[in-house]
Structure formats: structure tokens, C-alpha cells
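# Topology and contacts: notes
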Amino acid sequence: MSTNLYIPPNSLIRIKNPLGTLKSFKLQYRDPDTLKWVDYKTEAIATINRRLQAKEINLEQAKERMKQERALMYIERDKHLKVVACCEYNLKLLSTYLEARYPDRVRLRMKEGSYTAMVNYFKQALSYVPSTPLDTEITQLQDALDGAVKTTHNSDGSKKIEKLSSNKSKHRKMVEFLNRLLGFLGRTDKLLPFPNIHNEVDYITENQFQKVIENVSNPTYKALIGLIYWTGMRFGETLPLTEKDLLGDRLKVYRQIDRKRVERLPKNDKTRIVFLDQQAQKYLKDWLAIPVADRLTMAKNSSRPVKSLKQAAKLVGVENADTINLITLRHSRAIYLASNNIQIDLIAKNLGHSRAVCEKHYAGFVMTTDDETLMRLRLAEIEKLKGA
């Protein structure tokens, strides 16, 4: 009989049970290119089915044998995985660095999980220069990092190709961790990140928002979008809210839910109080009416409310509809407060930002009372001269 012993890397593999009166199991893999299930044929699989049909073994026994064949299929599949060689020199350097800088007594005093997260960042950075030792001439090392390409194979057979040069934020992070190791080597030359170009803050006006929210049909998404716009809260901070967090016209924000549905402190590790105006109170009431368990289903991925937001924005002709997301709503709240002459310090406290961040992004929208009074006086003088 014809056999097919090649299984594409990262293919899904399944056992297909007998259908109807047909007493025949199948082993199939999902071709990552066509996304179709393909029968995997070997003499061993044919033998199992022949013995099942001859009643030499029963269904359970046949199923166990098929599981064994599936395990062999996984081994066969993984023979064809392309394993990126990691430079042994770099791994030894990382190990030496960690032992020297982070002995056990230091690790015990670090925040839980922070050491593991840091090591993962180091390994990720080294994975972008898998065959380039860190004692290589700096220009060659820079070229290797800038030109790094990583392919991620998904469980559904699809694959994602990532060019590090197109993700400047990640590139900057990788540069940071590789430079730590270069410094440990005693090198004075450093890798350089790509220039960090700051785009203007993306926001929508109150008038635009009112038009957008009217076209969001899903009541859960509408409550979420309205709440973030009128409070400036982070998405994760809205998920665990309960009536206990409400203090009259103020809201206590002291926790958030991350993508793994783990509760932790807000981003800056500080509790804050958010002032609630009438609009915020209205949307908060709608949001609290939604069970926390239902809200948590969105914790891992906020793409659905964002998609709903973008669709509504396009429908009413908002110019920056393609770039709008939940962070846009947070910026919008800050700019709403700034344009109504709320002090930068108060905006920072309300959003849980540092004063420096708020000055950088929102100070240009603030006009103090003294500035406004002076403007009115000068404009009145101009009008008076025109009429003279």
C-alpha cells in the first residue's frame, strides 16, 4: 500500500473515529498550507483496522493502538522542525552574568516573577542573534540584530513572520538587554536602537464620541467604551470593578486584570481615585450591571470592542478611525480635561500617569485662567481699535 511518511512541521494531528457502520480509524494531519485534513497512511494503521474488522481487537484496544501511532507521528513530524542554533558562547555568557549579578540572596528580594521575566527577555534578545557571538565587532552585531527575522508557527498550521526592524519598540527592548551583556564583557561600544519617533497623541473629541457611541450596537461594548472615554481608565482596570469600589462621585482604582486573568496592582503600582462626572456615572452603572465573570471573558483579548469602536467611527466619518483603540479613549479623556483647564497634576492623578508623561502629551491643550483672561483683554482691545 502507498504510504506518506512526511508530515509538515507544526501540523495538527488527530484521530478520527469510525463513522457509522464503517469500522475503520483514521489518523490525519492538517496541512498548514491548505488547512485541509490529510489522511496519514502506513502499514501499521492498516493492520490495526484489519484486526478491528476481523474482531481480533475491540474499539477500545484499536483506539489505544492508534494513540501509539499518533505519538510516533508527532516524532516523525518534529524531525522536520527547523531548530535555530543558539550560540553556545552567548548562552554561557548569560549564565555567568546571571550568577554574578543575581545570586540567591538578591533573587530572594526581587519581586515575584521579575527574575524569570528578566531571564526570558535576555533569552529572547539572544534568539534574535542566534549565530552571532556577542564579542563580534559591533557593526556586524548591529547588522545581525537590525536584520533579524523570526518565524512563529501557530497551532492551526499558520505561521507569522516578524521582522524586528518593523517593531521598533521590541527592537529597543532587545538592544537594552544585549547592551547589558556587552557591558558585562567590559565593552564600551553599544548597540543602537532605531530612532524613536513620537507621533501626535491620537484622540477623538466629545462631539465625535457622541456620534460614535450611538452607533455601537453591543450594550457591553457600549458600556465599556463609554466608561473608558469618561474616566480614562485602563481596560484591565475596568474588568474587576464592583459596587464596593464606588465612593459617591469617586471611584477607587487599586487593581487590574491582565491577559492571563490574574489580578494585580495598576500599572504604576499605586491606588488612585477617579472623579466621576454625570456621564461617567451613567456608563459605570451600565458596566457594573454586567457580571464580572462575563467581563473577564474579554480579559485575554480586547479586539472585539475595539473592532466595534472602529466600525462605528468609520460609519460616522471619523478621520482617524483606522487607528482608534481603547488607548485613544484614554488619551481623549486627558485632552478633554486639559482643554477645560484642569491642571496637569490633577490629570496625572486621575489617569494614574506621572506628571512628566502628562506634560509631554497633554500640556499643549491646557490654557490657564490667567492666560484666558489675558487673551480676552487683548482681543477686546483689538476689536475696540477696529471699531475706532
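Note that the structure is predicted; figures quoted are calculated from it, not measured.

A count of helices and strands for the chain gives 17 helices and 10 strands. Taking 388 residues into account, the globule formula puts the C-alpha radius of gyration at 21 Å, and the chain, at 29 Å, lies well above it. Once the C-alpha set of the chain is aligned to its principal axes, its extents read approximately 110 × 60 × 45 Å. By sequence separation, contacts in the chain at least 24 residues apart represent 59% of the contacts at least 6 residues apart. Roughly 23800 Å² of accessible area belongs to the chain as shown, and the carbon and sulfur atoms make up 52% of that amount. For the chain, the distance from the average site of its 66 positive side-chain charges to the average site of its 45 negative ones is 4 Å.

Among the nonpolar cores identified, the biggest contains 40 residues, and Phe209, Ile225, Leu241, Leu251, Trp287 and Leu329 are the most heavily contacted of them. Counting residues per element, the ones that place at least two in this core are helix H8 (206-214), helix H9 (219-231), strand S7 (250-253), helix H11 (278-288), helix H13 (303-315) and helix H14 (326-339). Per-element tally for this core: the top contributor is H9, with 8 residues. Among all residues touching Ile225, those that are not within four sequence positions of it are Phe209, Ile213, Val216, Pro305, Leu309 and Leu329. Residues Leu93, Leu134, Leu141 and Val175 belong to the second largest nonpolar core, which totals 26 residues.

So, about the side chain of His331. The residue His331 is located in helix H14 in this model. Beyond its immediate sequence surroundings of up to four residues, His331 is in contact with Val201, Asp202, Tyr203 and Tyr362.

Following both chains from N to C, one finds helix H3 (residues 88-101) and helix H5 (residues 114-127) inclined at 155°, their axes separated by 11 Å at the closest point. Taken as axis vectors, H3 and H5 run roughly antiparallel relative to one another. Every pair of crossing elements has a handedness; the one defined by H3 and H5 is right-handed. Along the contact surface, H3 presents Asn90, Leu91, Leu94, Tyr97 and Leu98, while H5 presents Tyr115, Met118, Val119, Phe122, Lys123 and Leu126. Broken down by class, the residue content of the contact of H3 with H5 amounts to 9 nonpolar, 1 polar and 1 charged.

A cluster of nonpolar side chains, contributed by Met375, Leu379 and Ile382, occupies part of the molecular surface with about 280 Å² of accessible area. With respect to the secondary-structure elements, Leu379 resides in helix H17 (residues 369-387). Residue classification places Leu379 among the partly exposed residues on the basis of a relative accessible area of 48%.

Quick notes on the rules
Residues numbered from 1 in each chain as written. Predicted model: local features only at pLDDT ≥ 70, side-chain atom pairs only at ≥ 80, totals over all residues. Heavy atoms only, no water. Helix = DSSP H or I, 4+ residues; strand = E, 2+ residues; numbered from the N terminus. Rg over C-alpha atoms; globule rule 2.2 N^0.38 Å. Contact = heavy atoms within 4.5 Å. Areas by Shrake-Rupley, 256 points an atom, 1.4 Å probe, with all protein chains shown as cover. Lys, Arg positive; Asp, Glu negative; His and termini not counted. Charge placed at Lys NZ, Arg CZ, Asp CG, Glu CD. Core = buried A, V, L, I, M, F, W, Y, C linked by side-chain atoms within 4.5 Å. Buried < 20%, exposed > 50% of the residue type's maximum accessible area, 1.4 Å probe, protein only. Axes fitted to C-alpha atoms, helices over the stretch in contact; angles between N-to-C directions. Parallel < 35°, antiparallel > 145°, perpendicular 65-115°, else oblique. Left-handed = near helix turned anticlockwise from the far one by under 90°. Nonpolar A, V, L, I, M, F, W, Y, C, P; charged D, E, K, R; others polar. Patch = residues over 30% accessible without salt bridge, like charges linked within 9 Å, V, L, I, M, F, W, Y side chains within 5 Å. Salt bridge = Lys/Arg side-chain N within 4 Å of Asp/Glu carboxyl O.

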